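Spelled out from the first residue to the last, the chains are:
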Amino acid sequence: MKALLISLSTAAILAGSTLHASAQDQAYIDDRSDGPALVRSLYNAINRHEFARAYSYFSAPVDSYEAFVKGYEKTVDVQILIGSVTQEGAAGSIYAPVPVAIKSTEKGGKEKIFAGCYITRIVNAAIQEPPFAPLHIESAELEKVAGPLEKALPKVCHTPS
């Protein structure tokens, strides 16, 4: 799978909107069909400033909701590259390590590049009992790196041992 770049301006172009679309004009994406779709949905929620939705994609967020929101208070746009993903099964769960490179643009135009891995997980749906637990982000390991975005993408991520 080739790397995929998602940004507010790209989504606006695909949706036929102008490049000056607001965050709320970006198409709503809430897709838990696989690891990459879930991570795209996370950043769609962040770009749209729908922080409760973004926070809900994590199984057990490290930060409180208030700290999570505060971490994005200056963010105006996030672009993401997603690398190749291979799903792996383990002990009744399906894991998908998702390599990402992220460019965050803050108010005033300051840009930061991050790279790392999201681990997504779903417990085998056939063995779950209510309430159903959908695909979620099990963990994330991201660090600030030097750009450009296209060169920051990790080649591979591994599932937990």
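Everything that follows concerns the structure shown earlier in this document.
Description of the structure in this document. (Residues numbered from 1 in each chain as written. Predicted model: local features only at pLDDT ≥ 70, side-chain atom pairs only at ≥ 80, totals over all residues. Heavy atoms only, no water.)

### Let's talk about the nonpolar core
For step 1, the next point in the chain: Counting 22 residues, the largest nonpolar core has V39, L42, Y43, I46, V100 and Y118 as the members making the most contacts within it.
For step 2, the next point in the chain: Elements with a contribution of two residues or more to this core: α2 (35–47), α3 (51–56), β2 (75–82), β4 (93–106) and β5 (111–123).
For step 3, the next point in the chain: With residues near it in sequence (within four places) discarded, V100 still touches V39, I80, L81, I82, F114, A115, G116, Y118, L142, L153 and P154.
For step 4, the next point in the chain: In this structure, A101, A115, A152 and L153 belong to the second largest nonpolar core, which totals 7 residues. (Core = buried A, V, L, I, M, F, W, Y, C linked by side-chain atoms within 4.5 Å. Buried < 20%, exposed > 50% of the residue type's maximum accessible area, 1.4 Å probe, protein only. Helix = DSSP H or I, 4+ residues; strand = E, 2+ residues; numbered from the N terminus. Contact = heavy atoms within 4.5 Å.)

### Describing the pattern of salt bridges
For step 1, the next point in the chain: As enumerated under the stated definition, the model contains 6 salt bridges in all.
For step 2, the next point in the chain: Residue E106 pairs with K112 through a salt bridge whose shortest N-O separation is 3.1 Å.
For step 3, the next point in the chain: Overlapping salt bridges bring together R48, E50 and R53 as one network. (Salt bridge = Lys/Arg side-chain N within 4 Å of Asp/Glu carboxyl O.)

### Quick look at the pairing of β4
For step 1, the next point in the chain: With respect to burial, β4 is a largely interior element, 13 of its 14 residues being buried.
For step 2, the next point in the chain: Where β2 meets β4, 7 bridges bridge the pair, whose relative direction is antiparallel. Paired with T75 across the two strands is E106, which belongs to β4.
For step 3, the next point in the chain: Sheet analysis places strand β3 (residues 88–90) next to β4, joined by 3 bridges and oriented antiparallel. Opposite G89, over in β4, you have I94 as the bridge partner. (Pairing = 2+ DSSP bridges.)

### Concerning the pairing of β5
For step 1, the next point in the chain: Relative to β5, β4 runs antiparallel, the two sharing 13 bridges. When the bridges of β5 are listed, P99 appears paired with C117.
For step 2, the next point in the chain: Counted between consecutive antiparallel strands, the loop separating β4 from β5 contains 4 residues, among which G108 sits at a positive phi close to 90°.

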